[in-house]
Amino acid sequence: MKVNIKINDRNYSIEIEPGEMLLETLRKLGYKGVKHACSTASCGACTVQIDGKPVLSCSTFTAAVDGHEVKTVEGFSNEGVLSEIQKAILEEGASQCGFCIPGLVVTAEALLKENPDPNQEEIIEYLKGNLCRCTGYESQTRAIMKAAKARRER
Amino acid sequence: MSRVLTKEKLNVVNTPVEKVDGKALVRGKPVFTDDFDLPNALTVKILRSPHAHAIIKSIDTSAAMIEGVACILTYKDVPHVIYTRAGQGYPEPSPYDTFILDKKVRYVGDAVAIIAAENENIAERAMKLIKVDYEILPAVLDYEHAQDPEAPVIHNEPEISGAYDPKHNIASHYEMEIGNVEEELKKCDYTVDEVYYTPNQSHAMMETHAAISYFDPNGRLTVITSTQVPFHARRILNRLFGVNCRVIKPRIGGGFGGKQALHVEPYVVAVTLKTGRPAKCVYTREETMTASNTRHAMRFRVRAGAMKDGTLKAIELWGLSNTGAYGEHALTVFMVAGSKTLPLYNKVKAVKFGGDVVYSNTEPAGAFRGYGAPQGMFALDSALDELARKIGMDPITFKLKNSIREGETSPIFKIMGEGREGVEQIIRSCKIEECAIEGAKIFNWYEKIKKPRIDMKNKIAHGYGVAFAMQGSSIPAIDMGGATLKMNDDGTFNLLVGATDLGTGSDTILAQIAAEVLHTTVDKITVYSSDTDITPFDKGAYASSTTYVSGNAVKSAAEKMKKEILKAASELFEKPVELLDLEEDKVVCEDGRSISFSELQTKLFYTFNQRQLEVTESFVSEVAPPPYLVSFAEVEIDMETGKVKVVDFLNYIDCGVTINPVLARGQVEGASAQGIGMALFEDHIMDRNGRLITDDFFTYKIPARGDIGKIEVRFAKSYEPTGPFGAKSVSEIGLDTPGPAIANAIYDALGIRMRRLPIRSEELFFEIRKKYG
Amino acid sequence: MLNIKEYVNPDTVQSAYEIGQMPNSLYVSGGLMVSQIKSERLERLIDLKSLDLDYIREEEEYFKIGANTKLSSLISHPSFSSLGENFVKKSIKEIGSVQIRNMATVGGSIAFRLGWSDVITIFMTIGSQVEIYNGKFQKMDLEDFISQKIKGAIITEITVPKIESKCVFEKFAKSNFDIATLNLGLRVSLDGNFIKEARIVAGSRPMISQRIREVEEFVTGKEIDKISDEASKLIQKVIQTGTDLRASAEYRKALSGSLLSKALRRVTQ
């Protein structure tokens, strides 16, 4: 079946299988930043934004996204300049293996849009659905606090 | 005795340089194995055994050869070469007990057939059409019963080698004794004699196992794989298939030891060799969880004795380790449970360590960060805590009194190595006193322990626990790494290392070391790593060896490059080398002249004494200087539910000089979280038929955000003279302390001793109910 | 990927229902749970998102919530989220994660009748009615919908009374991002210190949410700060629990007592 989806501000009209999940579709189209890490909607590595809201692409039917807008980590990345979130992640060592990071960036973008001045608890709660096995979460909380401040001061 | 702790002023080392691969990661660039799409590639899936122990009486793939299936391989179609999957130096100290595919299956999830198809859908449909007739055998599901007289023999293949006594399911055995423990214990004022258990933890790295194999345009078999051991993988694949392949490691989404073995690689290579086509296999989360490796579950009986003044006299650690269906890392992990724990308490008169490593029909165990030390230290440190309390002594004082110091040694270093004898070493750096004393101050230990533990009104208890640990920095006399440095005409350098960055940041810290020596900056060093055709050999990322071994190799190479640069400049300036030095991307001469690296190599390319400045150096460690760690845990226990929360966890660590303090801190924080996971959260449950029902992140819970309070890391002021710029290692040791620190804290809070990890809230709850009503 | 033959997007409840009568069809509201299904026989998915069932309407005595309303919308609705003295806001926030709450719908959560559903416990605690369409529109108590195991119907709307009483939600889980090992909802209306009316719902037992009427009756008329111990003992005695990979039946019983004690304490804070 055919669907029309806007991905990172680019219009796509594509043939998909009726039971296809958004994660597969995005990766097939070349958006490799969207990661497949579990099969049970339990880890957040596949997080993308649909109409500005962070959701799990592994559990979203592509057919259901027809007519909607999707944003992946690639959509939050400029070739030249790192966002405050990306910069802070690097400064705080919050990306070790990096596999959870695209999902984290997408979710953190949504957080800061909703709440530009989150405290530690709010950051932890909002990012709860993004598991990380490498960092123990400390550096990531520090990074988002830093990024929030940098963005507010921009 | 005062010491100059850093010998030189550092510009790049010990600074928080951002990871060299960082930008690609935060931008979501396609840098992981599954991000590469090769045209005409086949998708590979594995048919797995539903039985814990069975013989394949017949396997019929004819009905499964549907449209879109390129090939289906069974044990009849792949080389029948016995090997070990373990990624270790050759000859491997692990039993050769594994085939790529075998006629016998030994655990639920064991590989039965390899299916290659145009896409995943077709492969899965085909998989269901394969007819397998199994003769089901009785299974050993509980490793404590693997040696029962009626237990079925799991490895009866005639080709097996290197196993201790497979007829009794013993993969490995080890024992050693110094002095006479029995005699010493008799003389002690206080003794403990308890048994402790640690579980089969899963690595749960975010990227599952993945590999692609293909013939490059020139017909060279190439494997891109998410591995910690590219060179071992190449060697083993070459031997298995009689090929000469190239193995490339791209970015990896975590390993923690779970990728220190061959997993997917033989399957894709078998398909590529059969079909000529590229083949990709990416494990599902369930496969990585149930059909790769876990930590070795272990049981240790600890006997220890001390005098009333707190002098520890004797320790015995006697264990049983479950290596599961296959024996990769069986002997070596078990030995580390003793070799990287017992030397910490080097003042004892007698010490004994030993036990059996047994096969069982469960998921094979393998390497997992800490590699035996977390298991051994949970038992040892808990027992010493129990002993300290019997004596009535503060556990910090007790452990510190008996632990090793600079200038000392332990006979265990010589006796116990990597599956064989080890190497003598004198401890040149050990700041355990600072770790314990300063750590206690920062944690406010002596104030905290004055507080009441139980708030009966609100049914909340607080407790404080401490644990001491050591680890190693590489395996001495065995681990080798090489580094090549090449100078470019724009003044930059290429650093080629075999060393394997699994997200740990080794590419970055190795670049820092090179930059420091060469008086340049990390952005002028381009690192290429872990490509067996292009980079020099490195044993791979394990045993906390990369900073120490690969780092020393890089340092040597950089020093040699420095000499080459000065020599070239001295030729150019016609001045002796002694009058020249390096400074910020240039060579300076005492007479005021200077030349930039860029200018120099440009001349050397085109117009002057033309040559390429390029050097290669290798390093083998003679010693493995241990890092040291003292961790302090504060737990809060909800007595109404038995739930334990770690509210405060302080690590005070001596890892020598930190090449990169931000990355080093990240390693310790991450290790603490995994250790807390092992202690409180991660619970594998198997059904009666040997199937792991905790097979995904929905059922196997790793700590999530908010599960742990604060994790803090402090670094001791330390300098290891044999390490590059004074560095030792940092990545594994953090796993050794959370288990015992938490168990000790729970005892401190409630007077209830939990000797089995994970500490389930259910079990603690009923203990609390028994004791407090 | 699910191996289905078609994914349809009807725009009326009636047409959705008709298509749903075809064999091997399943309704999708949100799709979070449907995507986890491993069934080979499933042929058709019917997405309910175009049925205009995404709304929260405030009336004088009730809230009417469209079945396709996302859990996140419930939290961000200022008056609905504060129902039960912020009960809705606090309890829904315990479910899953931001991503999951942006995907899961009220109707979808109820329709799947999952034992571990926090949504069902929460809505049963407040006291809700569901409107379904199975050829005709019908309304019934949520409790009846669950116990009658009505299948094949489309949930269209949930009606929630604007209760005055305070509610609390307690959830015990193995980690901070996990389903409940046991969940419990408590609703009380007080006359001074005395309990006029109580509603106690326990779920993820691991069986589905259930009102514990014996304890509700026991606490009625008693002083809230004096009955905790006895109520706790009673619920442990009467609650039906089971064993699964998360906990034993015995532990769940003990937890029911603990969660009830905690809930009673929180209600009076």
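Predicted, not measured: the structure shown is a model, and the values here were computed from it.

Procedures and definitions
Residues numbered from 1 in each chain as written. Chains lettered and ligands numbered in written order. Predicted model: local features only at pLDDT ≥ 70, side-chain atom pairs only at ≥ 80, totals over all residues. Heavy atoms only, no water. Helix = DSSP H or I, 4+ residues; strand = E, 2+ residues; numbered from the N terminus. Rg over C-alpha atoms; globule rule 2.2 N^0.38 Å. Buried < 20%, exposed > 50% of the residue type's maximum accessible area, 1.4 Å probe, protein only. Contact = heavy atoms within 4.5 Å. Areas by Shrake-Rupley, 256 points an atom, 1.4 Å probe, with all protein chains shown as cover. Lys, Arg positive; Asp, Glu negative; His and termini not counted. Charge placed at Lys NZ, Arg CZ, Asp CG, Glu CD. Buried area = accessible area lost by both parts, 1.4 Å probe. Salt bridge = Lys/Arg side-chain N within 4 Å of Asp/Glu carboxyl O. Polar contact = N/O pair within 3.5 Å; in protein donor to acceptor, adjacent residues only side chain to side chain. Axes fitted to C-alpha atoms, helices over the stretch in contact; angles between N-to-C directions. Parallel < 35°, antiparallel > 145°, perpendicular 65-115°, else oblique. Left-handed = near helix turned anticlockwise from the far one by under 90°. Arc of directions from axis to C-beta. Phe/Tyr/Trp six-rings, centres within 6.5 Å; stacked < 30°, edge-to-face > 60°. Lys NZ or Arg CZ within 6 Å of the ring centre and 35° of its normal. Pairing = 2+ DSSP bridges. Domains from an automatic or database assignment. Nonpolar A, V, L, I, M, F, W, Y, C, P; charged D, E, K, R; others polar.

*Asks:* Can you help me understand the overall build of chain B in this one?
*Replies:* When helices and strands are counted, chain B shows 18 helices and 27 strands. Taken over the C-alpha trace, chain B has a radius of gyration of 27 Å; the compact-globule value for 773 residues is 28 Å, and the two agree within 12%. Principal-axis analysis of the C-alpha atoms places the extent of chain B at approximately 85 × 75 × 50 Å. When the 773 residues of chain B are sorted by exposure, 66% land in the buried category. For chain B, long-range pairs separated by at least 24 residues make up 80% of all intrachain contacts whose partners lie at least 6 apart in sequence. Accessible surface computed for chain B: about 25600 Å², of which carbon and sulfur atoms make up 50%. Averaging the locations of the 91 positively and 103 negatively charged side chains of chain B gives two centres separated by 2 Å.

*Asks:* Sorry, what's going on with the interface of chain A and chain C here?
*Replies:* Reports of interface size often rely on the accessible area that becomes lost once the parts have come together. Taken residue by residue, the interface counts 32 residues in chain A and 23 residues in chain C. Note on chain A versus chain C: buried area summed over both sides is about 2100 Å², and carbon and sulfur give 60% of it. The three residues of chain A that bury the most area against chain C are Pro18, Phe61 and Lys128 of chain A, which together make up 28% of that side's buried surface. Here chain A is connected to chain C by zero salt bridges. On inspection of chain A and its partner chain C, the count reaches 10 residue pairs in polar contact (both at pLDDT 80 or more). Those elements that place two or more of their residues in the side of chain A that touches chain C are β4 (53-56) and α4 (120-126) of chain A.

*Asks:* It is not clear to me how the packing of helix α4 (residues 230-241) of chain B against helix α5 (residues 265-275) of chain B should be interpreted in this structure. Could you clarify?
*Replies:* Helix packing geometry: the angle between the two helix axes and the distance between the axes. Residues and elements named next belong to chain B. The interhelical angle for the contact between α4 and α5, taken along N-to-C directions, is 45°, at an axis separation of 11 Å. When the axes of α4 and α5 are compared, the pair comes out oblique. Classified by chirality, the crossing of α5 by α4 is right-handed. Residues Leu237, Leu240 and Phe241 of α4 touch α5, and the partners they reach there are Glu265, Pro266, Val269, Ala270 and Leu273.

*Asks:* What am I meant to see in helix α4 (residues 83-92) of chain C here?
*Replies:* The α-helix advances 3.6 residues per turn, and as a result positions three or four apart in sequence lie on the same side. For α4 of chain C, the set of buried residues is Leu83, Gly84, Phe87, Val88, Ser91 and Ile92 of chain C. Projected down its long axis, α4 of chain C shows its buried positions confined to an angular sector of 90°, all on one face.

*Asks:* Help me out: how do you make sense of the packing of aromatic side chains in this one?
*Replies:* Aromatic ring pairs are described here by two measures, namely the spacing of the ring centres and the angle between the planes. Within the structure shown, the criterion is met by 24 aromatic pairs over all chains. Across the ring face of Tyr542 of chain B, the terminal group of Lys539 of chain B is positioned such that the distance to the ring centre comes to 3.8 Å. Residue placement shows Lys162 of chain C over the ring face of Phe63 of chain C; its charged tip is 5.3 Å from the ring centre.

*Asks:* I keep staring at the pairing of strand β19 (residues 493-497) of chain B and nothing clicks. Help me out?
*Replies:* On any regular strand, side chains alternate: one points to one face of the sheet, the next to the other face. Residues and elements named next belong to chain B. Judged by how many residues are buried, β19 sits mostly within the fold: five of five residues are covered. Residue alternation in β19 divides its side chains into two sets, Phe493, Leu495 and Val497 and Asn494 and Leu496, and both sets are buried. As paired elements, strand β18 (residues 480-487) and β19 share five bridges and run antiparallel to each other. Counted as the bridge partner of Thr484 is Leu496 from β19. Taking the residues that link successive antiparallel strands as the turn, the β18-β19 hairpin has five residues, and the phi of Gly491 there is positive, at about 80°.

*Asks:* In this structure, what is going on with the pattern of salt bridges? I would like to understand it.
*Replies:* Opposite charge on two side chains makes pairing possible when the charged atoms of those side chains draw close. All names here are of chain B. Summed over the entire model, instances satisfying the criterion amount to 92 salt bridges over all chains. Here Arg753 makes a salt bridge to Asp385, at a shortest N to O gap of 2.8 Å. Here Arg753 is found in the loop between α17 (738-750) and α18 (761-772), whereas its partner Asp385 is found in helix α8 (residues 373-391), with 368 residues between them in sequence. Owing to a relative accessible area of 11%, Arg753 belongs among the buried residues under this scheme. Among the ionic pairs, Arg691 bridges to Asp687, the shortest N-O distance being 3.7 Å.

*Asks:* For this particular structure, what's the right way to read the domain arrangement of chain B?
*Replies:* Residue and element names in this part refer to chain B. Split by domain assignment, chain B resolves into domain 1 (7-30 + 480-620), domain 2 (33-137 + 208-252 + 259-290) and domain 3 (297-475 + 623-772). Taking only C-alpha atoms into account, the centre of domain 2 sits 36 Å from that of domain 3. Listed by partner, the interface residues are 23 residues for domain 2 and 28 residues for domain 3. When domain 2 packs against domain 3, close to 2000 Å² is buried across both sides, 56% of that on carbon and sulfur atoms.

*Asks:* Looking at this structure, how should I read the packing of α4 of chain C against helix α7 (residues 118-126) of chain C?
*Replies:* All names here are of chain C. Contact geometry of α4 with α7 gives a least axis separation of 11 Å together with a crossing angle of 175°. Taken together, the axes of α4 and α7 are roughly antiparallel relative to one another. On α7, the residues touching Leu83, Phe87, Val88, Ser91 and Ile92 of α4 are Ile122, Phe123, Thr125 and Ile126. Considered class by class, the residues forming the contact of α4 with α7 number seven nonpolar, two polar and no charged.

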